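Close look at the chain arrangement
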Amino acid sequence: MTRIIAWGVFLLGCLYFLLPLVGMTEFSLRMRRGEYSFDAYRVVFGDPRFWDTFSYSLILSGATILVGVFLVVPTAYWVRLKLPQARPFVEFVTLLPLVIPAIVIVFGYIRLYNTSSFLPLTGSALGTDILLTMGYTTLALPYMYRSVDTGLRTIDVATLTEAAQSLGAGWITILGRIILPNVMIAVLSGAFLTLAIVMGEFTMAALLNRPAFGPYMQLIGANRAYEPPALAVIAFALTWGCMGLMQLVARLAKHERAKA
Amino acid sequence: MSFLTLTHLEKSFGTNRVVKDFNLSVEKGEFISLLGPSGCGKTTVLRMIAGFEAPTSGSIIIDGQEVTGLRANARNIGMMFQAYALFPNLTVAENVAFGLKVKGVAKAEREARVAEMLALIGLPELGGRFPFQLSGGQQQRVALARALAPKPRVLLLDEPLSALDAKVRVSLRNQIREIQQDLGITTIFVTHDQEEAMSISDRIVVMNAGIADQVGTPFEIYNRPTTRFVANFVGTLNTFEVTVEDPAAGKVRLGGSIMTLPAALNAGTGSAQSIALRPEALRLGREPGYETVISGRIEDVHFMGSIIRLRANVAGETVVLDTFNRADQPPPVPGTGIEISLSGKDAILLQG
Ligand SMILES: Nc1ncnc2c1ncn2[C@@H]1O[C@H](COP(=O)(O)OP(=O)(O)O)[C@@H](O)[C@H]1O
Ligand SMILES: [Mg+2]
């Protein structure tokens, strides 16, 4: 009896997630009256702005991931190794982006770095891109930090560090050759979440007036009927592609098999 | 001039003095064990030598060089940990090569050295494996090869055998000792296991609450313990209360008989003293030349192979004695009344 109920609940859950997805996909295929077609997708892919904004956001998410990794991995490592009593504080700081709205952050940026400030970053496209990357890094911080910290938990950070030190290694060697490779899977899952956030982010990009994918999606969504669901399906495909890639990498990293 | 010198080494964590006035001189190629109960500060001493803890005061000199203020990665000291601590993302060969790579040793030379090290530990085939594909004993041998590859000045081992099962523990400790003697590398080995320390060390430092109680060869530590702590921590002891008869001649009275101790006593006539005897110094039955005979009743018998350990109740106290196994003479059964012979010349005086 309980088995049947369990299965029932499971099926209900599946329907809850799958039905909207199926409905959306179905709707995106109905652009041509009376028959299914990929017309909506053809329109989306045919729009040069799609490719421009998509590649712009992709590049910025790459930059965000790099900055995030360079910021978070050494920090999380150092906190675990030398300042375990500071962990609650650092965790609190990394959670702040979840409670402070992006709009507040971006207005802060604009106030601090406007063209008449000491560091006029908003004065040039490159400067604004840098600012946007920093903003994205902040938004992704909670996810990146959590992933990396969880990854660090699976290895004996202190002993591995001492073993490497006794063999003559300095901090950069230890981080680059021992710590980072051992938390690579965690870094990848953080990177993947970062990618998802950056690709969909609207507020910061719109207010800093950069040609990102988020504002483009918003624009299409407000003016068209069939293209937005097509875009959403594309976004889902992208997400699942990333997940599959992560699985693949995890499988290829031989030393990770022990933990699985 | 000794190779490694620790002078007045002290370490406190907050108000907790963990290592107190620790002095030690180690000769080149010597194998020294730090032996003591858990929490007595052995690891802390080792970590100060390695450079992972800064001493509160005192100095560490290796090969004439003051290293007290030197960072751990500049000391050229090999270290082996209880938890193996192999790098999980690197293969066995890469693990062993790590220290050489950091030093900037050229690839060809590095590969030759790795092969040499893997042959030394008897695992020449396993270079391509990852640590998780090895047993605990194999991992610890790889850790030894990794520590030795960059030719460290000193090898430090912190209870490297305690995570292994009994059989592997004995074979690996013999292998460690053999390799240590082959290479002639100065080694400090931390353990709480007295049998382990006795069997592989040139000298043992018995530690108690942060203090080096006694430093000596296993023979000296076992046969001439200088403090009550050392006597009790190393091996088994039977203690007897005696009355001093003639301190200058070392004569004491136990029950109705007079025993002559190996040395003069520093105590007044008529005062009470404790003497101790190892289980193997006692003889079952009446033995010619032994001054004292006590009688008791067998409590239990442990047959250990070449040795039989008997526990007897003598006037309410448990006395432990060891006899050699003899095929023509079965040991007494529990409940049997027995006589035990003692000789003053075997006694260990417990003062302090
Ligand atoms: N980092 C530390 N901070 C505070 N106390 C410590 C630290 N390391 C060791 N101690 C204390 O020092 C004492 C000796 O520890 P340790 O050297 O590890 O002993 P052993 O290796 O002989 O078991 C213990 O009481 C331990 O609690
Ligand atoms: Mg210890």
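Residues numbered from 1 in each chain as written. Chains lettered and ligands numbered in written order. Predicted model: local features only at pLDDT ≥ 70, side-chain atom pairs only at ≥ 80, totals over all residues. Heavy atoms only, no water.

What about the overall build of chain A?
Tallying secondary structure elements over chain A gives twelve helices and zero strands in all. Counting helices and strands in the order they occur from the N terminus, chain A gives α-α-α-α-α-α-α-α-α-α-α-α. Along the first, second and third principal axes, the C-alpha set of chain A runs to 75 × 70 × 30 Å. Taking all 260 residues of chain A together, the buried fraction comes to 39%. In chain A, once contacts between residues fewer than 6 apart in sequence are set aside, the share between residues at least 24 apart is 76%. Carbon and sulfur atoms form 72% of the exposed surface of chain A, whose accessible area is close to 14,500 Å². With 19 positive and 13 negative side-chain charges, chain A shows a separation of 5 Å between the mean positions of the two kinds. (Helix = DSSP H or I, 4+ residues; strand = E, 2+ residues; numbered from the N terminus. Buried < 20%, exposed > 50% of the residue type's maximum accessible area, 1.4 Å probe, protein only. Contact = heavy atoms within 4.5 Å. Areas by Shrake-Rupley, 256 points an atom, 1.4 Å probe, with all protein chains shown as cover. Lys, Arg positive; Asp, Glu negative; His and termini not counted. Charge placed at Lys NZ, Arg CZ, Asp CG, Glu CD.)

Examining the confidence of the model for chain B
Looking at chain B as a whole, the pLDDT averages 91, with 99% of positions reaching at least 70. Taken together, the chains of this predicted complex give a pTM of 0.85 and an interface ipTM of 0.85. (pLDDT = per-residue confidence, 0-100.)

Things to note about the packing of aromatic side chains
All names here are of chain A. Overall, the coordinates contain 20 aromatic pairs over all chains when judged by the stated rule. Geometrically, the ring pair formed by phenylalanine 50 and phenylalanine 54 is stacked, given 5.5 Å between the ring centres and 20° between the ring planes. Of the two residues, phenylalanine 50 and phenylalanine 54 both sit in helix H3 (residues 48-82), four residues apart, roughly one turn of that helix. Of the two residues examined, phenylalanine 50 and phenylalanine 54, each falls in the buried class. Here the aromatic cluster, defined as three or more aromatic residues joined through ring pairs, consists of Phe45, Phe50, Trp51, Phe54, Phe213 and Tyr216. (Phe/Tyr/Trp six-rings, centres within 6.5 Å; stacked < 30°, edge-to-face > 60°.)

So, the pairing of strand S19 (residues 337-342) of chain B
Where strand S15 (residues 283-284) of chain B meets S19(B), two bridges bridge the pair, whose relative direction is antiparallel. Each residue of the ladder has a partner; that of B:Arg283, found in S19(B), is B:Ser341. (Pairing = 2+ DSSP bridges.)

Details of the environment of B:Ala209
Residue and element names in this part refer to chain B. Mapped onto the elements of the fold, alanine 209 is located in the loop between strand S9 (203-208) and strand S10 (211-216). Judged by its relative accessible area of 43%, alanine 209 is partly exposed. With 191 residues separating them along the chain, alanine 209 and valine 18 place their C-alpha atoms 7.1 Å apart. Ignoring sequence-local partners within four residues, the contact set of alanine 209 consists of Val18, Lys20 and Cys40.

With respect to the domain arrangement of chain B
Residue and element names in this part refer to chain B. Structurally, chain B comprises domain 1 (4-232) and domain 2 (236-349). Here the C-alpha centroids of domain 1 and domain 2 sit 39 Å apart. Facing the seven residues of domain 1 at the interface are five residues of domain 2. Three residues, Tyr222, Pro225 and Ala231, lead the burial of domain 1 against domain 2; their summed loss comes to 69% of the area buried on that side. Joining domain 1 to domain 2, the criterion identifies zero salt bridges. Counting across the interface, domain 1 meets domain 2 through two residue pairs in polar contact (both at pLDDT 80 or more). Of the residues in the side of domain 1 that touches domain 2, the class split is four nonpolar, two polar and one charged. (Domains from an automatic or database assignment. Buried area = accessible area lost by both parts, 1.4 Å probe. Salt bridge = Lys/Arg side-chain N within 4 Å of Asp/Glu carboxyl O. Polar contact = N/O pair within 3.5 Å; in protein donor to acceptor, adjacent residues only side chain to side chain. Nonpolar A, V, L, I, M, F, W, Y, C, P; charged D, E, K, R; others polar.)

Re the side chain of B:Arg110
Residues and elements named next belong to chain B. Take arginine 110: it is sitting in helix H3 (residues 107-120). For the buried arginine 110, no salt bridge is present, and the opposite-charge side chain at shortest range is glutamate 111, 6.1 Å distant. Here arginine 110 is in contact with Ala97, Leu100, Lys101 and Val105, once residues within four sequence places are set aside.

Overview of the sheet that holds strand S4 (residues 57-62) of chain B
Either a parallel or an antiparallel arrangement is found when strands of a sheet pair, and the pairing is made through backbone hydrogen bonds. All names here are of chain B. Strand order in the open sheet formed by four strands is S2-S1-S4-S5, and the pairing between neighbours is antiparallel. The open sheet has two edge strands, strand S2 (16-26) and strand S5 (65-66), and neither has a second partner. Relative to S2, strand S1 (residues 4-13) runs antiparallel, the two being bridged by seven bridges. Counterpart to phenylalanine 13 in the pairing with S2 is asparagine 16. Across the sheet, helix H1 (residues 42-50) is in contact with S1, S2 and S4; its angle to S1 comes to roughly 115°. (Axes fitted to C-alpha atoms, helices over the stretch in contact; angles between N-to-C directions.)

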